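This is what each chain is made of:
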Amino acid sequence: MMLHHNFTLDLLQPGTPHRIPVKQGDTLTHSLDILLTANGEPWIFPADATPVLRWHASDPGSGKYARGIYDTLPGGVHAWTAAENLLNIITVPQMFALPGLVQADVLLIQGEKTLATFNFEFYVNPTPVNGTEPEAQSFYKVASLDQINAAISALEEWKASADLLLTNLEHEFFELKQIVLGP
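Residues numbered from 1 in each chain as written. Predicted model: local features only at pLDDT ≥ 70, side-chain atom pairs only at ≥ 80, totals over all residues. Heavy atoms only, no water.

Colleague: Lay out the confidence of the model for the protein with the relevant residues and their values.
Modeller: Reading predicted coordinates in detail is not appropriate for stretches of low pLDDT. Mean pLDDT over the protein stands at 84; residues scoring 70 or higher make up 90%. Strand β4 (residues 41-42) holds the highest mean pLDDT among the elements of the protein, 96, whereas helix α1 (residues 145-181) holds the lowest, 82. (pLDDT = per-residue confidence, 0-100. Helix = DSSP H or I, 4+ residues; strand = E, 2+ residues; numbered from the N terminus.)

Colleague: Provide a residue-level description of empty space enclosed by the protein, including the pertinent values.
Modeller: Applying the stated criterion across every chain, the model contains 1 cavity of 30 Å³ or more. For the largest cavity, the calculated volume is near 30 Å³. Around the largest cavity, the lining residues are P51, V52, L53, Y70, D71, A79, W80 and I89. Counting residues per element, the lining of the largest cavity draws most heavily on strand β5 (residues 50-59), at 3 residues. Split into classes, the residues belonging to the lining of the largest cavity amount to 7 nonpolar, no polar and 1 charged. (1 Å grid on protein atoms, 1.4 Å probe; cavity = no way out; pocket = protein on both sides within 12 Å on 5 of 7 lines; lining within 4 Å. Points joined across faces, edges and corners; volume = space filled by probe spheres on them. Nonpolar A, V, L, I, M, F, W, Y, C, P; charged D, E, K, R; others polar.)

Colleague: How would you sum up a nonpolar patch on the surface? Please name residues and give values.
Modeller: Among the surface-exposed residues, L176, I179, V180 and L181 lie close enough to one another that they form a single nonpolar patch of about 480 Å² accessible area. With respect to the helices and strands, I179 occurs in helix α1. Exposure remark for I179: the relative accessible area of 68% places this residue in the exposed category. (Patch = residues over 30% accessible without salt bridge, like charges linked within 9 Å, V, L, I, M, F, W, Y side chains within 5 Å. Areas by Shrake-Rupley, 256 points an atom, 1.4 Å probe, with all protein chains shown as cover. Salt bridge = Lys/Arg side-chain N within 4 Å of Asp/Glu carboxyl O. Buried < 20%, exposed > 50% of the residue type's maximum accessible area, 1.4 Å probe, protein only.)

Colleague: Let's hear about the pattern of salt bridges: which residues, and what values?
Modeller: Going through the model one piece at a time under the given rule, you end up with 3 salt bridges. The partner of D105 in a salt bridge is R54, with the nearest N and O atoms 2.8 Å apart. Within this pair, whereas D105 is found in strand β9 (residues 100-110), its partner R54 is found in strand β5, the two being separated by 51 residues in sequence. According to the relative accessible area criterion, D105 is buried, its value standing at 13%. Classification of R54 as partly exposed rests on a relative accessible area of 29%. Here D163 ties to K159 by a salt bridge, and the two come within 3.0 Å at their closest N and O atoms. Within this pair, D163 and its partner K159 are both found in helix α1, separated by 4 residues, close to a single helical turn. Exposure remark for D163: the relative accessible area of 37% places this residue in the partly exposed category. With a relative accessible area of 48%, K159 lands in the partly exposed category.

Listed below in structure tokens is the structure:
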């Protein structure tokens, strides 16, 4: 399944970078569908231009980081398509390996010339369990309501037996006290 993130980007008035929420560990599931404009007018993508995506991810908690530059996906397939003023870029799996902020930009080049650069961000929501944490212990395993009710009944029977035993012990203690201390 491909998740499409649609947004318009004005190359001459970029403003605040778009922030896209993703999940840690997502692989090849996101497509950036970017409508390119210049001062509000469609900016037609040149046929001989190439977009290159550059990114940097860091996890402040662990000190780990990852970064990359690409225009091709693993396996050699182009990571992008362009038609008129619509640019589609597919993300690479490594971008979402670490939780936190991924800063990215697209460099549009034509031969040796840079046509434009624009920024955007991914916020990578952490995966709650990634296989490296210690597994939590299960302290309570009951398969059915009948088992719960049976456990409650057993506890009530145990309490009644304990109450009877306590009453008998109190009675025995009173009798022993009478024998030792007298009436």
